[in-house]
Amino acid sequence: VSRQGQLAVLTKPRYFARSHWFGTLATTPMGGTAPREILENVLDADWAPNGTDLAIIDHDQKNWRLQYPLGKVLLEGANWISDVRVSPDGELLAFFRHPPNIDDRGDVLSMDRSGRIRTLSSGWESLEGLAWSPSGKEVWFSAADTGEQYCIRAATLSGKQRTVYCGTAPTRIEDITASGRALLATDDHRVSMELLEHGGKTARDVSWLDNTYNPRLSRDGSQILFTDQSVLAGNNYAVYVRQSDGSSPVRIGSGGFGV
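Because the structure is a prediction, the values reported are computed rather than measured. (Residues numbered from 1 in each chain as written. Predicted model: local features only at pLDDT ≥ 70, side-chain atom pairs only at ≥ 80, totals over all residues. Heavy atoms only, no water.)

K.L.:
Just to check I follow, could you spell out the pattern of salt bridges for this structure?
P.N.:
Side-chain pairing between opposite charges can occur once the charged atoms of the two side chains come close. Scanning the model with the defined rule gives ten salt bridges in all. The shortest N-O distance in the salt bridge between Glu 37 and Lys 12 comes to 3.5 Å. Of this pair, Glu 37 sits in strand S3 (residues 36-47) while Lys 12 is found in strand S1 (residues 6-17), placing the two residues 25 residues apart along the sequence. Among the residues examined, Glu 37 registers a relative accessible area of 42% and is labelled partly exposed. The partner of Glu 138 in a salt bridge is Arg 162, and the shortest N-O contact between them spans 2.8 Å. Here Glu 138 is found in strand S12 (residues 138-144), whereas its partner Arg 162 is found in strand S14 (residues 161-165), with 24 residues between them in sequence. (Salt bridge = Lys/Arg side-chain N within 4 Å of Asp/Glu carboxyl O. Helix = DSSP H or I, 4+ residues; strand = E, 2+ residues; numbered from the N terminus. Buried < 20%, exposed > 50% of the residue type's maximum accessible area, 1.4 Å probe, protein only.)

The structure is reproduced here in C-alpha cells:
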C-alpha cells in the first residue's frame, strides 16, 4: 500500500514456488475501483516512499529482471530474485538472489539507483521475507541455516549482522512500520509422502521426517528415491532410498537432489 492509499496487487495469480506467486501487476485505490492492470509476469513489487514509483521483479520468459522505477531495468539475469523492498529514502533496493532454479537458498543484496550491488549477507539455506528498518540503516530478513527454521536477522549496509528474534516456530518478517513495530508471521510447514498402489483405493504414508521432496519410483515400483530438506539433513539436503513397503530409508548421499 502506498502513502497515497493505492494498492499494488497481483491479479490472475499462478503459483511459482515456496510462498511466491506470479501474476499481473495492477493498482487500485483502497476500497475503490477495479484494478488497473500494468504488467504481466510479475513476482514482487514495492512502492517507493513518494507513493508513485514502483520497484518490481518480473520474468520475461528468459531472464529475471529488477526494475526501479517501472521501466528502468537495473538487473537482469538467470538467477531467481525475490522480495524487493525500497529503502525509506527511496535511494536503495534490498532483495534476495537465489540459484537459477526454485531453491530459495541464497544471499541478501542491496542495490542503488545506478545498479551497483552490495552483498549484505550470504550463504543461507532458505530466505523468506524482508523489510527495511525505519532508519534505513539495516535490512531485516528471515533466514534459516538448515531446514526452514526461520529466525529474523538484520544486516547493516556494511554487512554487520545480528539476530533480532529466534523463536520456537519458524518466523517470517512481513513489514516494519515507521514507528518500528514489526509485522511477523509464523509457519509450520510440513511435507508428507504417500504411495498409492495401482488399483488401490487407500494411500500408505511413506513420509520421512517433515520435508520430503521430489520422490521418484524405481521401474519395478519396489524402491523410492527422495530428497530430505528437513533440519536434520543439514544445510545441503540429503538423498535417501527406501523400500516401497515402508521399511527404514537408507541415506545414500548429500549435497543435492535425488533425480
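More follows now that the structure is in view.
K.L.:
Would you explain the sheet that holds S12 in this entry?
P.N.:
Sheet strands pair via backbone hydrogen bonds, and the direction of the pair is either parallel or antiparallel. Within the open sheet, the four strands sit side by side as S11-S12-S13-S14. Their pairing is antiparallel. Looking at strand neighbours, the two that pair on one side only are strand S11 (126-132) and S14, the edges of this open sheet. Mean inter-strand twist for the sheet, computed between neighbouring axes without regard to direction, equals 30°. Sheet topology places S12 next to strand S13 (residues 151-156); six bridges connect them, and they run antiparallel. Looking at the pairing, Ala 143 lines up with Cys 151 of S13. (Pairing = 2+ DSSP bridges. Axes fitted to C-alpha atoms, helices over the stretch in contact; angles between N-to-C directions.)

K.L.:
Honestly, unusual backbone geometry in this entry has me stumped. Any pointers?
P.N.:
Among all residues except glycine, the phi angle is most often negative; among peptide bonds, the trans geometry is most common. In this chain, Tyr 68 is followed by Pro 69 through a cis amide linkage whose omega measures -10°. Position of Pro 69 relative to the elements: it lies in the loop between strand S5 (64-67) and strand S6 (73-77). Even without being a glycine, Lys 12 presents a positive backbone phi close to 50°. Given a relative accessible area of 55%, Lys 12 falls into the exposed group.

K.L.:
Explanation requested: the environment of Leu 7 in the structure shown.
P.N.:
With respect to the helices and strands, the residue Leu 7 is situated in strand S1. In this structure Leu 7 comes out as partly exposed when scored by relative accessible area, which is 27%. If near-sequence neighbours (up to four positions away) are discounted, Leu 7 is found in contact with Val 1, Ala 26, Thr 27, Thr 28, Met 30 and Trp 47. (Contact = heavy atoms within 4.5 Å.)

These figures come from the coordinates and say nothing about function on their own.
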